[in-house]
Amino acid sequence: MKTKNNPNNKHPFVDLETIQNLSQHYPTPFHLYDEKGIRQTARDLYKAFSWNQGFKEFFAVKATPNPAILRILKEEGCGVDCATDVELMMSRTVGFREHEISFTSNDTGASEFVYAREIGAMINLDAYEDIAFLEANAGLPKCLSLRYNPGGVFELGSDIMDHPEESKFGMTKAQLFQGYRELKEKGVESFGLHAFLASNTVTNAYYPTLAAQLFELAVEIKEEIGIELDFINLSGGIGVDYSPNNQQNDIFAIGEGVRKQYEAILEPAGLGQIAIYTELGRFMLAPHGHLITRVLHRKKTYRQYVGVDASAVNLLRPAMYDAYHHITNLSNPDGAEEVVDVVGSLCENNDKFAKHRSLPQPRIGDFLVIHDTGAHGFSMGYNYNGRLRSAEILLHEDGSEQVIRRAETPEDYFATLYGYSMDREN
Ligand SMILES: *Cc1c(COP(=O)(O)O)cnc(C)c1O
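Cut-off values and rules
Residues numbered from 1 in each chain as written. Predicted model: local features only at pLDDT ≥ 70, side-chain atom pairs only at ≥ 80, totals over all residues. Heavy atoms only, no water. Helix = DSSP H or I, 4+ residues; strand = E, 2+ residues; numbered from the N terminus. Buried < 20%, exposed > 50% of the residue type's maximum accessible area, 1.4 Å probe, protein only. Arc of directions from axis to C-beta. Contact = heavy atoms within 4.5 Å. Near = heavy atom within 4 Å. Polar contact = N/O pair within 3.5 Å; in protein donor to acceptor, adjacent residues only side chain to side chain. Areas by Shrake-Rupley, 256 points an atom, 1.4 Å probe, with all protein chains shown as cover. Nonpolar A, V, L, I, M, F, W, Y, C, P; charged D, E, K, R; others polar. Pairing = 2+ DSSP bridges. Axes fitted to C-alpha atoms, helices over the stretch in contact; angles between N-to-C directions. Parallel < 35°, antiparallel > 145°, perpendicular 65-115°, else oblique. Left-handed = near helix turned anticlockwise from the far one by under 90°. Right-handed = clockwise from strand over helix to strand, strands pointing away. Phe/Tyr/Trp six-rings, centres within 6.5 Å; stacked < 30°, edge-to-face > 60°.

Points about the environment of T328
For T328, the position within the fold is in strand β14 (residues 327–329). Residue T328 is classed as buried on the basis of its relative accessible area, which comes to 17%. Between the alpha carbons of T328 and K10 there is a distance of 8.7 Å; along the sequence they are 318 residues apart.

And the structure:
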C-alpha cells in the first residue's frame with residue numbers, strides 16, 4: 001500500500017541562492033510557500049475524485065489561514081472549511097460564498113452560528129444538542145450536515161489508527177439518527193454526513209475504510225428514515241510522512257479506493273447521486289511550506305546545541321507533539337555529519353526543532369530549511385516570551401516572490417494594550 005521507501009526523497013523546493021536573495025530583504029525566520037506544489041496537489045486531488053460528479057475539497061482554513069493561499073485554492077476549484085467566525089470572515093474577504101464555505105465548528109457560540117447563517121455557509125453540526133441550540137439562536141437552514149462519532153477505536157487491519165471514543169467531536173449513531181429524524185420533521189430539506197476518525201494517516205486505506213463505514217450508514221439512513229443524503233464529507237486526516245523515508249500517500253489510489261466502495265455500497269442502494277466532500281488541510285499544504293531559519297549560535301555542554309533564530313512560536317508541532325520535522329542544511333549540504341539538538345530561544349526546554357539529530361555540520365550563519373511546515377505551521381504560532389510572528393512569503397510559479405504577510409513588529413505586540421505604547425527609547 002505504501003510507496004517505495006526512498007531516504008533521499010526529502011528535498012527543499014528552493015535553493016540556497018534563492019534563500020540568500022530573499023534574506024537580503026526579509027530577515028529570517030520566515031515561512032515560505034510553493035505555489036506550484038500547492039496547485040499540483042489540488043489538481044491531483046480533483047483528478048483522483050473526478051469520477052464523482054459533485055466532488056469538492058473544502059480546505060481546512062485553520063491549517064494555513066492566509067488569503068493569498070486560499071485564493072490559489074479557490075482558483076483550483078476548492079471551497080473552505082471554517083471553525084470560527086474569524087475564519088469565516090477571512091473566507092468571505094477572499095470571495096468564497098455560501099456553499100463554497102462549510103462551517104464545521106464545535107462548542108460554538110450563538111453569534112457564530114448567526115453569522116454562519118447570515119452568509120449562507122453550509123453548517124455541519126458537531127453535537128445532537130446543537131440542533132436545539134442552532135434553532136433557538138439562529139434558526140435552522142434548509143441544508144444541514146451532522147458529524148458522526150462511532151466511538152471505539154478506528155482500525156485498519158490490525159493497526160489501531162485512532163480512538164474516536166476519546167474524541168470530543170461528533171455524535172453517537174443513535175443521536176445521529178434521532179437528529180436526522182427531527183430535522184426532517186422540522187423541514188430541513190438537504191442533508192450531509194461528516195466524520196473525521198483518524199488524523200495524519202499515511203496509508204491509502206484510511207479514506208476508503210472511512211468511506212465504506214459512512215456509505216453503509218447512508219444506506220441505513222435511507223432505509224430507516226427515508227432521507228437520501230446529498231453529500232458525505234470524508235473530512236481531513238490524509239496525512240504526510242514528515243520523516244525522510246517519505247512514504248507519501250498516493251491520492252490516485254485513495255480516490256480509486258473510495259470509488260470502489262461507492263460503486264459497491266451506494267450505487268446498488270440507489271444513492272449514486274451523493275457528492276463526496278473532503279476537508280483536507282495537511283495533505284494540501286504541509287509539503288509546500290518551509291520554515292527558513294538561520295543558525296545564530298553554537299553551544300556545547302552535555303550535548304551539542306545549534307541555536308536558530310526561529311523558535312516554537314513559529315512552529316509549535318515539535319514542542320507540542322514531539323513531532324518530527326526534517327531539516328536540511330542548505331548552506332553546508334556536504335558537511336561532515338554531526339549529532340545535534342536544534343533549538344529556539346524560548347525559556348522552555350521543549351523549544352527544540354530536533355533532538356539528537358544527525359545533520360551536515362550546522363555552522364553559525366547557515367541557512368536551515370525545516371520541512372513540511374505549510375499546514376499547522378504558522379497558524380499555530382503564538383507570542384510567548386514576546387516573540388513575534390514571522391513573515392509569510394509565497395514563491396510564485398515564475399520564481400518571483402510575494403510577501404503575503406509581513407512580520408509582526410513590537411508595535412503590533414503593544415497594539416492591544418491600553419495606556420502603554422511601544423517605547424523604543426526607554
Ligand atoms: C483540522 C480539521 C481538518 C483538517 O485536518 P488535516 O489533518 O489538516 O487534513 C478538517 N476538518 C476538520 C473539522 C478539522 O478540524
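Let's talk about helix α5 (residues 110–118)
Those residues of α5 that fall on the buried side of the exposure criterion are E112, F113, Y115 and A116. Seen end-on, α5 carries its buried residues on one side only, within an arc spanning 160 degrees. Away from the buried face of α5 by more than 90 degrees, exposed residues S111 and E118 are located. Close packing links the buried residues of α5 with α4 (85–94), β4 (101–104), β5 (122–125) and α6 (129–137).

A few points about the site of the ligand
Taken together, 14 residues sit near the ligand, with K62, E279, G281, R282 and H376 positioned nearest. With respect to the ligand, the side chain of K62 contributes an N or O atom lying 2.6 Å from an oxygen atom. Backbone polar atom of G237 to an oxygen atom of the ligand: 3.3 Å apart, as the coordinates give it. Compared with its free state, where it exposes 390 Å², the ligand has 90% of that area covered by protein. Per-class residue counts for the shell around the ligand are 3 nonpolar, 6 polar and 5 charged.

Quick notes on the environment of A212
Among the secondary structure elements, A212 is positioned in helix α8 (residues 206–225). A relative accessible area of 14% means that A212 is categorised as buried. Expressed as a C-alpha distance, the spacing of A212 and A407, which sit 195 residues apart in the sequence, is 45 Å. Excluding residues within four positions of it along the chain, A212 makes contact with Q261 and I265.

Brief notes about helix α3 (residues 67–75)
For α3, the full list of buried residues reads A68, I69, L70, I72 and L73. One side-chain oxygen at the N-terminal end of α3 lies 2.9 Å from the backbone nitrogen of A68; it belongs to N66.

Focus: the sheet that holds strand β2 (residues 56–60)
Taken in spatial order, the 8 strands close into a barrel running β2-β3-β4-β5-β6-β9-β10-β11, and their pairing is parallel. Here the strands of the sheet are splayed against their neighbours by 25 degrees on average, with no regard to which way each runs. One ladder, built from 3 bridges, connects β2 with strand β3 (residues 79–82); its direction is parallel. Following the sheet pairing, F59 is matched in β3 by V80. Sheet strands in contact with α5 are β4 and β5, and its direction is about 145 degrees off that of β5.

A word on the packing of helix α2 (residues 35–48) against helix α9 (residues 251–266)
At a minimum axis distance of 8 Å, the contact between α2 and α9 shows a crossing angle of 25 degrees. As far as their axial angle goes, α9 and α2 are roughly parallel. Crossing geometry of α2 relative to α9 is assigned as right-handed. On α9, the residues that touch D44, L45, K47 and A48 of α2 are I251, F252 and G255. Residue composition of the contact of α2 with α9, by class: 4 nonpolar, 1 polar and 2 charged.

What about the pairing of strand β11 (residues 275–278)?
Both faces of β11 are covered, namely the face carrying A275 and Y277 and the face carrying I276 and T278. As paired strands, β2 and β11 are joined by 2 bridges and run parallel to one another. When the sheet's bridge partners are listed, K56 is paired in β11 with Y277. Pairing of strand β10 (residues 231–233) with β11, which is carried by 3 bridges, proceeds in the parallel orientation. Residue pairing in the sheet places I232 in a bridge with I276 of β11. Read as a crossover between parallel neighbours, the route from β10 over α9 to β11 is right-handed.

Side note on the packing of aromatic side chains
Inspection of the entire model under this criterion finds 15 aromatic pairs. Geometrically, the ring pair formed by F49 and F55 is stacked, given 4.7 Å between the ring centres and 10 degrees between the ring planes. Taking 4.9 Å as the distance between ring centres and 65 degrees as the angle between the ring planes, the aromatic pair formed by F58 and Y277 counts as edge-to-face. Here F58 is found in strand β2, whereas its partner Y277 is found in strand β11, with 219 residues between them in sequence. Three or more aromatic residues joined by ring pairs form one cluster here, namely Y46, F49, W51, F55, F154, Y206, Y207, F215 and Y262.

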